[in-house]
Each structure stands twice: as structure tokens, then as C-alpha cells.
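Here's the letter readout for the chains.
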Amino acid sequence: MTAARTRRLTLVGSVLGAAVVALDGTVLTVAQPSLRRDLDTSLAAVQWTSTAYLVTVAALLVFAGRLGDRFGHRRVFAIGAIGFGATSAGIGLAPGIGWVIGLRVLQGVTGALLQPATLGLLRAVYPADLLARPIAWRTGAIGLSAAAGPLVGGALTAQLGWRSVFFLTVVPAAVAGIAALLVRLPPSAEGAAAEGAAAEGTVFHGAAGAPAPGAGLDLPGAGLLGGALAALVFTLAELPEYGPSPAVWLGLAVATALGTAFHRHERRTRHPLLPPAVLRAPTVAPALGVLLTASAALFGTLFLVTYFLQDVLALDPLGCALRALPLALAMVLAAPASATLSRRHGPRRAVVAGMSSLTLGTVLASGFRTDTPVLTTSAAFVLLGAGFGAVMATATTAVVRAAPLGAAGVAGGLQQTAMNIGPALGVAAATTLAAGRAPAGALTPALVVLAAVAATGALLATRLPATHRPPGPSTPSAPSAPEPALRDAER
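**Some points on the overall build of the protein**
Looking only at helices and strands, the protein has 19 helices and zero strands in total. Per-residue burial over the protein gives 56% buried out of 491 residues. Surface exposure of the protein reaches about 19,700 Å², of which carbon and sulfur atoms provide 68%.

**Details of the environment of W99**
Take W99: it is sitting in helix α4 (residues 97–125). When its relative accessible area of 56% is taken as the criterion, W99 is described as exposed. Distance in space between the C-alpha atoms of W99 and T49 is 10.0 Å, their sequence separation being 50 residues.

**Points about the nonpolar core**
Membership of the largest hydrophobic core comes to 93 residues, with the highest contact counts inside it found for F77, V305 and M355. Contacts of F77, omitting those with residues within four sequence positions, involve G13, S14, G17, L114, A117, T118, L121, A176, G177 and A180. Counting 17 residues, the second-largest nonpolar core is a separate cluster that includes L23, V27, L103 and V165.

**Quick notes on the packing of aromatic side chains**
Under the criterion given, the structure shown has six aromatic pairs. Summarising the aromatic geometry, the rings of F308 and F368 are spaced 6.2 Å apart at their centres and angled 40° between planes, so their arrangement reads as tilted. Taken as a pair, F308 in helix α12 (residues 284–312) and F368 in the loop between α15 (347–365) and α16 (374–402) lie far apart in primary sequence, 60 residues in all. Its relative accessible area of 2% is what places F308 among the buried residues. Each residue in the set F308, F368 and F381 is aromatic and connected to the rest through ring pairs, giving one cluster.

**A short note on helix α5 (residues 132–160)**
Relative to the 42 Å expected for 29 residues at 1.5 Å per residue, α5 spans 40 Å between its end C-alpha atoms, a close match to the ideal helical length. At G149, α5 shows its strongest bend, of approximately 35°, with the proline P150 following within four residues. Looking one or two residues beyond α5, the residue adopting positive phi is G161, at roughly 95°.

**Topic: unusual backbone geometry**
In this model, D40 sits at a positive phi of 50°, which is unusual for a non-glycine residue. Checked against the element boundaries, D40 lands in the loop between α1 (3–39) and α2 (43–71). Unlike most non-glycine residues, A314 shows phi in positive territory, near 60°. Mapped onto the fold, A314 is located in the loop between α12 and α13 (317–323).

**A word on the packing of α12 against helix α18 (residues 439–461)**
Here α12 crosses α18 at 165°, and the two axes come no closer than 9 Å. Taken as axis vectors, α12 and α18 run roughly antiparallel relative to one another. Note that α12 runs across α18; the crossing there is left-handed. Split into classes, the residues belonging to the contact of α12 with α18 amount to 18 nonpolar, five polar and one charged.

**A look at the pattern of salt bridges**
Tallied over the full model, the rule gives three salt bridges. Across the pair D24 and R104 runs a salt bridge, and its minimum N-O distance is 2.9 Å. One end of the pair, D24, is in helix α1; the other, R104, is in helix α4, with 80 residues separating them in the sequence. Classification of D24 as buried rests on a relative accessible area of 2%. One salt bridge in this structure joins R163 and D38, with 3.9 Å as the shortest N-O distance. Taken together, the residues R163 in helix α6 (residues 163–167) and D38 in helix α1 connect sequence positions 125 residues apart. Residue R163 is classed as partly exposed on the basis of its relative accessible area of 25%.

**Remarks on the environment of P95**
As for its position among the elements, P95 is in the loop between α3 (73–92) and α4. P95 sits in the exposed class, given a relative accessible area of 63%.

**With respect to the layout of surface pockets**
Of the voids in this model, the second largest pocket is the one considered here, and its volume is about 360 Å³. Around the second largest pocket, the lining comprises 15 residues; the ones closest to its centre are L288, L414, T417, A418 and I421. Taken together, the elements giving at least two residues each to the lining of the second largest pocket come down to α9 (219–242), α11 (276–280), α12 and α17 (408–434). The residue makeup of the lining of the second largest pocket, split by class, is 14 nonpolar, one polar and no charged.

**Considerations on α12**
For α12, with 29 residues, the first-to-last C-alpha span of 41 Å sits near the 42 Å given by 1.5 Å per residue. Downstream of α12 by a residue or two, A314 has a phi angle that is positive, lying close to 60°.

**With respect to the side chain of T417**
Tracing the sequence through the fold places T417 in helix α17. Relative accessible area serves as the criterion here: at 9%, T417 is assigned to the buried category. Setting aside its immediate chain neighbours within four residues, T417 contacts L61, V62 and L229.

What counts as what
- Residues numbered from 1 in each chain as written.
- Predicted model: local features only at pLDDT ≥ 70, side-chain atom pairs only at ≥ 80, totals over all residues.
- Heavy atoms only, no water.
- Helix = DSSP H or I, 4+ residues; strand = E, 2+ residues; numbered from the N terminus.
- Buried < 20%, exposed > 50% of the residue type's maximum accessible area, 1.4 Å probe, protein only.
- Areas by Shrake-Rupley, 256 points an atom, 1.4 Å probe, with all protein chains shown as cover.
- Core = buried A, V, L, I, M, F, W, Y, C linked by side-chain atoms within 4.5 Å.
- Contact = heavy atoms within 4.5 Å.
- Phe/Tyr/Trp six-rings, centres within 6.5 Å; stacked < 30°, edge-to-face > 60°.
- Expected span 1.5 Å × (residues − 1).
- Bend = angle between axes of the 7 residues up to and from the residue.
- Axes fitted to C-alpha atoms, helices over the stretch in contact; angles between N-to-C directions.
- Parallel < 35°, antiparallel > 145°, perpendicular 65-115°, else oblique.
- Left-handed = near helix turned anticlockwise from the far one by under 90°.
- Nonpolar A, V, L, I, M, F, W, Y, C, P; charged D, E, K, R; others polar.
- Salt bridge = Lys/Arg side-chain N within 4 Å of Asp/Glu carboxyl O.
- 1 Å grid on protein atoms, 1.4 Å probe; cavity = no way out; pocket = protein on both sides within 12 Å on 5 of 7 lines; lining within 4 Å.
- Points joined across faces, edges and corners; volume = space filled by probe spheres on them.

Next comes the structure, spelled out in C-alpha cells:
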């Protein structure tokens, strides 16, 4: 198989895998009321169809990335993608709410396997100087899928019922998994994970010199980190509903205790879950901070703006989705444009520009009133979408590119963890800030704070390199004379 075909198949699988996960998250939201009526269950049980998935994914993302580094991203991606499609089909056939929740937990496991591997595969087959463009296409696909979710999910639910929403992702997930199985990575990429792990001291060897099964996975560390993240995400998910209740404080205490234990464990163990090469990379920490603040500001803003559009302007869910459509379109266009901006002016300027756009969009949204022109609301959504698309594509590239190839899965897991915690944190903050206020009066004070969060991300972005730094070790080298057709297509 030629290098060009390997890259194309890898890109198809990565984009489809990321899009399927994004689509699943948004179509379920509009299908939940129908699911509740059909299965005759409680609102709390229906909410667990989302919470169970989010908690499971958050707990396993980093460990799943390490599995990809240890056993190969192609294999882990294929298992995750095919498993995601199979669990979707199972949910569509589920006879009761208990089955739905249980299968959503299992789907969270497959989603955790799938998501870091979408980045690990790209890191394995694309040379560093071509990595920004495929990650930008992946970002654009996520934006398009997230925007299409409410529209497609609403139409399917109205015509065919809530079960059709889950069948929607079965075929794309299967195609993504099959595309991954058809890929044959170059020997340098397939061997890089084991070599990189060995260089970091993360692989045990048996008497014959071969890696022992499960070596270097740091199961105690994975359990501590997974427990801390699960407790944190569960607490953030519960906060909007119950406020600062004793259960919420207990969840924060558990997350803090487990997080502290994980930190101590990682400092003492010979084989840490988070390789030192990833943590030492100067680009990784600020890029993760940018992703966390950007996603918190965006999703917190969208949470309150959605209530404003529905409760104050009296738009139905479809009308609300159409009003916010400029955000998705701007995100789809900004992601590939940011790759060009980053290549010409460096990741620092690209991310600062994106965070500035996100901050301005949040400030503009804070002034929404009943008489605000549609042109003004559209401008706010364009600024939000363009800023977030640019930030997500560029900061993700910075995280993945900075990691050694043998730790690309862990880097992808950290990126996905930031993108899971950020929205939960933003919604929890927005709910807390808006507590006790009417939707029309809650928008301004809450969004001013969220704009400050976005501005903090802009400050973090100044710590990113002004130009692209050389990637970590074990990076596949770009051919000295790339195929003209491939080079043109990538640009």
C-alpha cells in the first residue's frame, strides 16, 4: 500500500470516528424526551443515559490512549469504532431504560478507545509538517456533526422515533473501523510505540527480551486517575441540577483525594501512566489549558444562550438550532484556515487570534436582548465558532505534535480529557452564576465571567511557541520529495 493511500484511509477513519462521537452526543439530546415517554421512565433515569457515558469516557481516555501506544492505535481504533457502532445498535433495540444505561456505559468504554486513537493514528502516518491539515479536517468534521445532530436527530425522532437516532451512527462507525483495519502502517510507525515506551522506561521485558503482556500500563495509576476524573465529571454534571449540595461537595473531595494520590503515585512509580516526555514538553500544558478554557467558555455560553433563545425569544428547538447555525459553519471554515495561519505565522498567533475571537463573541452574546437584531446574534455565533474552530485545531495539533510518537495516544487522551472536562466545567459555572436569576437577566453577568475565562485562555496561548518546534522523538520523517498529488491535496 502506498504512503498516499495509507494516509487517505487513515484520515477517512479518523474523521469518521471523531464525527460519529460528536454526532452521537448532540442527537441524543433531542431524542431524550421521546425516549422517556416511550420507555415510561423518570427524568433522572433519562439523564443517566448521558451522565453514565460521560463519566465512563472521562475515566478511561488517558488509559485508552496508553493502550494505543502499547498495542497499536490501528487495532485499538478498530475495536473502539466497531464496538461503538455495535453498542449503538444495541441501544436502538434496548427493551428498557436499564438496558439503555448499561449499554451507554459500554459505549463509553468503546468511545474512550476510539477518541485518542483518532489522533494517535494521524500522528503515526503524517509527517510533522503535514499534521496540521488533517487535524483541522477532523476538527471541521466535529463541528459539522455537532451542528447537524439537533437537526437530523429532531427529524428522525419526529418521523421514526428515538431508536432511529442510535441506528444513525452504526454504519459510519463500522466504515471507520473497517478503514482502520485496511491500513497498513509503515514499520517505522508500528515500531515507534514500543521503542518510545522503552526509551521512557515504560515497558517491562521478559527473559527473552520481549515486552510482557500489559507491561508499562500502570494499572494503579490508571485506576487513581480514572476515579478522580470520573468523580470530577459526575460532580460537574450533577451541579447544574442540585447546586452545591452535600453530594457535590463529597464528589469534589473524592476527586481531590484521588487526584492527589495519583500525583504521588506518578512521582514514585518506575512506569508512570503519563510519560515524562509528554509532561516535560513545554507546549503541552499551555495547549491543554487553552483547550480547557476555550471549551468551558463556549459550552457555558451556549448553555445560557440556548435558554435565552427558547425561554425569552420563544424559539422551538429547531428554530434555536437554525439561529445558532452560523457557529457551526464558522467552525467548519475556521479549522482548515487556522492550519494555514499557523503554518505562516506560528501556533501562538493562531491560538491568540482564536481565543480573542471567542472572547469577543462571548462579550457580544452577553448583550443579547429581546430586541437584538438577528444580524447581531449571528455575528456573535460567527465569532464563537471561528474562534473555537481555530483554537481546537491549532491547540490539538500542538499537543499531539509535541509528544513523542510512542506517547501519541496518551497525548490524545489528555486532549480529549480537556475537551470533556471543559464543557462540564463551563455548564456548571454558567448554572451557578445564573442561579436565582431570570433567563433574560442571567445572561450578562454570567457571560462576562465566561468571557474572562476565555481571555485567560488567550493569556495561556502566549506561552505557545511562536513557530513550530521540532516534534518529539520517533517521528516519521517526511520524504524528501513528497508525491506532488498528495502534497497538493494536503494543502
